[in-house]
Amino acid sequence: MRNKALHYFHSNQKLILQASLALLFIGLGVYFIRHERAELGKVAESLAEASTAWVLAGIAFALLFSLVQGLMYQYSFRAIHEHIGLGMGMRLFLKRNLVSVFLPAGTLTNILFFNREVERKEGVERTQIYFASTIFSICSILSSIIIGLPALLWLFFSNGVSGGLAIGLFATIALIAALGWAVYSFKQGGWAHQWAERLAPSFFDVLKELEAQDFSRKDFWIAILLSCGIELIGITHLYIAIEALGAHANLEVAIVGYGIVLLLLMSSPFLRGIGAIEVALTYALTLYGFDKVTAISITFLFRFFEFWSILVLGLLALIGQRDNALLRLGPSFLLLALGIVNILSALTPAAPARLKLLMEFLPMEAIHASTYFVLVSGILMMALAAYLIRGLRTAWLAAIALSGLSLAAHLAKGVDYEEATIALATLAALWYQRNQYFIRPDPQFAQRTLFPGLAAVGGVLLFGLLGFHWIGQAHFGTGLNWRQAAISALRTFFLLDTGLPAATPFAQEFTYGMNILGAGAMLFFAFMLLRPYIFQAEPEAESRQQAQSLLGLYGRSSLDYFKTYTDKLLFFTADGQAFVSFRATSQFAVALENPVAADAKQVEKAVIEFDEYCRRNGLRTIYYRIPESDRPLYEKLNKKLLPIGEDATVNLDTFNLQGKDKKDMRNAVNKLERMGYTFRAYPPPQKDGFLQQLRAVSDDWLRDTGRAELVFSQGLFDEKALKEHTILTVESQEGKIVSFVNQIPDYRPGEANFDLMRKTADAPNGAMDFLFVKMLEYFKAQGFHYCNLGMVPMSGIEKATNAQEAALKLAYERIGQFAHYRSLRAHKEKFEPDWTMTYLAYPSTLDLAFLPNALNQVVEL
């Protein structure tokens, strides 16, 4: 269990880090608002008195902000000699900005969700859309660094003290000079270039692809200037927020404050820095002499201009698109908004008239309890919003419960019908999309982590109990008995006010520490309860025997051999006449090709039963490598289909080495024969010593290629299995094996198949061509008519018909990290095979954002 838990954390460390940063930032924001609770009433008054003219100016600049973002998209396309309309550019930005709150705003997100509209309306090829989006991202990062880093150093050195301004300015100039040197070194291929390439090799793949494009430097620099202009609008927004509240604005404050915002945005790709930006910007403003009320008011108004108003525009653009996959984001967005509203509502005073009316019906204790619930539920809702995207049933149930209780609590704490309306809308959206949330949590993982979790909570509460009891008199000015200390520990654990005045700085630090430990423990429990369930039902030996019998009766695929491989789970239909071979991840059950069944009708029945079985177990179903001939069956069942590569089959009856196009292959065969290399076939059973020689070749190949053993649609080096296979080798005059393949059973009549293809690092050039030619001749001599060469992933998409196909076509043709698939295709093309497209059948477009990780998990050991 410990190893599985470690594997889970290792596989998802990037997601966990992003979520942890986001939750930390939210916690900072909540803590900050609670700490300044006494000032929030004054903040509301201050915002209400803001200058209408300046606020309208800020809104106008928010619209200008969206307009310039659209222009930046336009020039990103012009840089590669493509053109889109300004309106299209603005919609691309608004929707991407909205989705990036919940999902990474990277290339995959763009391709899956937004590129279809660009291609359909603007006539731009998907490959070009990818490069334009990459240019847009690069320009955004560059402008953030140009503005953000100097601003941070300026604040650090000046610290609001005029005497340090010269030092800050000097440091800024030095930084700019250092950046200039780094750019020059990067361009010349020097130290900066080498260091950056080691740090981010995938980024350099993108740069190489961009260099191969017909590239307009002029339009690229215009895009960078527009991006810097966007940052200037952000600075202007902060300046306007200061002026709107009647404070004295100056350019230094606006530049430094906005620079801090940029750096926090770069460090928090998840939830867009909510919480941390409010804390950091308010603190920076107080360093420049603004009182707390004014600083908080400026921050809130700035965030309205720069974040919330843009988010609302993005939501409107998203609704206008009417994409069912994207509408799944609606409940998450509403839950996030409700969480923020809950926190702000709990930490601001209720309207006196409403409170007076409410006290006629409810005791004050009930009103206080409602307020505390609203606060805690707001924190939990913000964490749940991201889990809803993944379709977790527990997250949906928790969201339903919290939204319903929030509806009642808002009415009970101050007749806050405005907030209650938002809770009602969230509840309605969650109920409307209820069928999308069926992925179960992992109860065993939660149970096994329950004891250490309870121990952590108990330790924190014990720490608080002893602390409040022992230091009460010295640091809080009053002695606390055990009961009072326990109540104070519980209240600080749940981020509530103890009512105890801090008489010393240590008392304040102790309270802060309890708040942080309490919030951490609550988030830990939430994560454990929401962790997706990983299906682990191991099939019994009798089940594998039953599956093997069904293969003997109904097997007709080159992949059938792997359907009873030891890495697979097996599902049998109710009548026991068909089975599905699959592996499970935290969200998906990935089936290998079709179910094994008597005919198409039974295959359809098996798919329906398997889908229902997986739904009961909280898993979405994926069918991997569906052949072209079975595409209509899955379309009939309302599956979405994505072409994922072509399968190669050689016609042995017509294969030969004659003709000009086979000259290189003939030369390779003749060369190795002159060097004394021979082809040999070893029928089973294999001897242990021979298997050890094969193991040495396999290990050498794995080391040389830097690969690891993979499974699912292929096998691994298993001596027990290889012992029963025919082994085909290429050997030197001394008898050293330099390459080999193993023949495996193929359930298609008249077809031969093989699995492992491995060679030593010192094998002569052309060794694999020699092996393949001799292998095909051997299979033909054995009476086979066809030989399956396997699939080439991502290849064969001549003309993409939707955004998902474009993602694969683009990656295969233009992205360097997939170049080995092009090489594999070229190698197999030598044997003039017939190519057949294979597909991935999946339930929803939004699921594609999570499928790459799921497929990576099922091919791992």
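Residues numbered from 1 in each chain as written. Predicted model: local features only at pLDDT ≥ 70, side-chain atom pairs only at ≥ 80, totals over all residues. Heavy atoms only, no water.

(A) Highlighting the overall build of the protein chain. In terms of regular secondary structure, the protein chain is built from 35 helices and 11 strands. Sorting the 861 residues of the protein chain into buried and exposed places 52% on the buried side. Excluding contacts between residues fewer than 6 apart, the proportion of contacts in the protein chain whose partners are at least 24 apart in sequence is 76%. Just so you have it, the protein chain exposes about 38700 Å², and 61% of that area is on carbon and sulfur atoms. (Helix = DSSP H or I, 4+ residues; strand = E, 2+ residues; numbered from the N terminus. Buried < 20%, exposed > 50% of the residue type's maximum accessible area, 1.4 Å probe, protein only. Contact = heavy atoms within 4.5 Å. Areas by Shrake-Rupley, 256 points an atom, 1.4 Å probe, with all protein chains shown as cover.)

(B) Spatial organisation of the packing of aromatic side chains. Summed over the entire model, instances satisfying the criterion amount to 27 aromatic pairs. The structure contains a cluster of three or more aromatic residues connected by ring pairs, namely Phe571, Phe582, Phe610, Tyr613, Tyr623 and Tyr634. Lying across the ring of tyrosine 75, arginine 78 places its NZ or CZ 4.6 Å from the centre. (Phe/Tyr/Trp six-rings, centres within 6.5 Å; stacked < 30°, edge-to-face > 60°. Lys NZ or Arg CZ within 6 Å of the ring centre and 35° of its normal.)

(C) Examining the packing of helix H29 (residues 663-674) against helix H32 (residues 767-781) more closely. Put simply, H29 and H32 touch, their axes get as near as 9 Å, and they point 100° apart. Viewed along their axes, H29 and H32 adopt a mutual orientation that is roughly perpendicular. Facing H29, whose interface residues are Met665, Ala668, Val669, Leu672 and Glu673, H32 presents Ala767, Asp769, Phe770, Val773 and Lys774. When the residues that make up the contact of H29 with H32 are grouped by side-chain class, the tally is seven nonpolar, no polar and three charged. (Axes fitted to C-alpha atoms, helices over the stretch in contact; angles between N-to-C directions. Parallel < 35°, antiparallel > 145°, perpendicular 65-115°, else oblique. Nonpolar A, V, L, I, M, F, W, Y, C, P; charged D, E, K, R; others polar.)

(D) Looking closely at helix H35 (residues 851-859). Considered for burial, the residues of H35 that qualify are Leu851, Ala854 and Val858. One side of H35 holds all its buried residues, which, seen down the axis, span an arc of 60°. Residues of H35 that are buried in the fold lie against strand E2 (579-584), strand E3 (588-592), strand E4 (620-627) and strand E11 (834-842). (Arc of directions from axis to C-beta.)

(E) Seen up close, unusual backbone geometry. Here the bond from proline 684 into proline 685 is cis, since omega is 0°, no more than 30 degrees from zero. Tracing the sequence through the fold places proline 685 in the loop between strand E6 (678-682) and helix H30 (688-705). Positive phi, normally seen in glycine, also occurs at glutamate 593, with a value near 60°. Position of glutamate 593 relative to the elements: it lies in the loop between E3 and helix H27 (600-616).

(F) Focus on the pairing of strand E9 (residues 751-759). In terms of burial, E9 is a largely internal element, seven of the nine residues being buried. Across five bridges, the pairing between strand E8 (residues 737-744) and E9 is antiparallel. The residue of E9 that forms the bridge with valine 741 is methionine 757. The turn joining E8 and E9, which pair antiparallel and follow one another in sequence, is formed by six residues; a positive phi near 75° is taken by glycine 750. Two strands pair when backbone bridges link them, and E9 and strand E10 (residues 786-793) are joined in this way by two bridges, in the parallel orientation. The residue of E10 that forms the bridge with alanine 752 is cysteine 787. Handedness of the β-α-β unit built from E9, H32 and E10 comes out right-handed. (Pairing = 2+ DSSP bridges. Right-handed = clockwise from strand over helix to strand, strands pointing away.)

(G) Examining a nonpolar patch on the surface more closely. On the surface, Leu56, Ile59, Leu63 and Phe304 cluster together to form a nonpolar patch covering roughly 360 Å² of accessible area. Secondary-structure assignment places isoleucine 59 in helix H4 (residues 52-78). (Patch = residues over 30% accessible without salt bridge, like charges linked within 9 Å, V, L, I, M, F, W, Y side chains within 5 Å. Salt bridge = Lys/Arg side-chain N within 4 Å of Asp/Glu carboxyl O.)

(H) Representation of the state of the cysteines. All told, the structure shown has zero disulfides when counted by the stated rule. The cysteine cysteine 139 is free of any disulfide, with cysteine 228 supplying the nearest cysteine sulfur at 8.8 Å. (Disulfide = S-S within 2.5 Å.)

(I) Main features of the side chain of glutamine 69. Relative to the elements of secondary structure, glutamine 69 occurs in helix H4. On the basis of relative accessibility, which here comes to 7%, the residue glutamine 69 falls in the buried class.

(J) Local environment of the confidence of the model for the protein chain. Averaged over all residues, the pLDDT of the protein chain equals 76, while 67% of them reach at least 70. Across the protein chain, strand E7 (residues 726-731) holds the top mean pLDDT of 94, while helix H1 (residues 2-11) sits lowest at 46. Within the model, the stretch residues 104-112 combines pLDDT values under 50 with 21 contacts to residues more than four positions away or in other chains. For residues 160-169, every residue scores under 50 in pLDDT, and the model assigns this stretch nine contacts once sequence neighbours within four places are set aside. (pLDDT = per-residue confidence, 0-100.)

(K) Expanded view of the pattern of salt bridges. Tallied over the full model, the rule gives 21 salt bridges. The closest approach of N and O atoms between arginine 625 and aspartate 647, which form a salt bridge, is 3.1 Å. Taken as a pair, arginine 625 in strand E4 and aspartate 647 in strand E5 (residues 640-651) lie far apart in primary sequence, 22 residues in all. Grouping residues by exposure puts arginine 625 and aspartate 647 together as buried. Where aspartate 688 meets lysine 723, a salt bridge forms, and the shortest distance between an N and an O atom there is 3.1 Å. Separated by 35 residues along the polypeptide, aspartate 688 in helix H30 and lysine 723 in the loop between helix H31 (719-722) and E7 bring together distant segments of the chain. Classification of aspartate 688 by relative accessible area gives exposed; the value is 52%. What makes lysine 723 partly exposed here is its relative accessible area of 27%. One salt-bridge network, held together by shared partners, links Asp560, Lys563 and Glu593.

(L) Structural context of the sheet that holds E5. Read from one edge of the open sheet, 11 strands run E1-E2-E3-E4-E11-E5-E10-E9-E8-E7-E6, paired in mixed fashion. Every interior strand has two partners, whereas the edge strands, strand E1 (569-572) and E6, have only one. Averaged over all adjacent pairs, the angle separating strand axes in this sheet is 30°, with direction ignored. Here five bridges tie E3 to E4, and the two strands are oriented parallel to one another. Bridge assignment links leucine 592 to a residue of E4, and that residue is tyrosine 624. Across the face of the sheet, H35 comes into contact with E2, E3, E4 and E11 while running at roughly 60° to E3.

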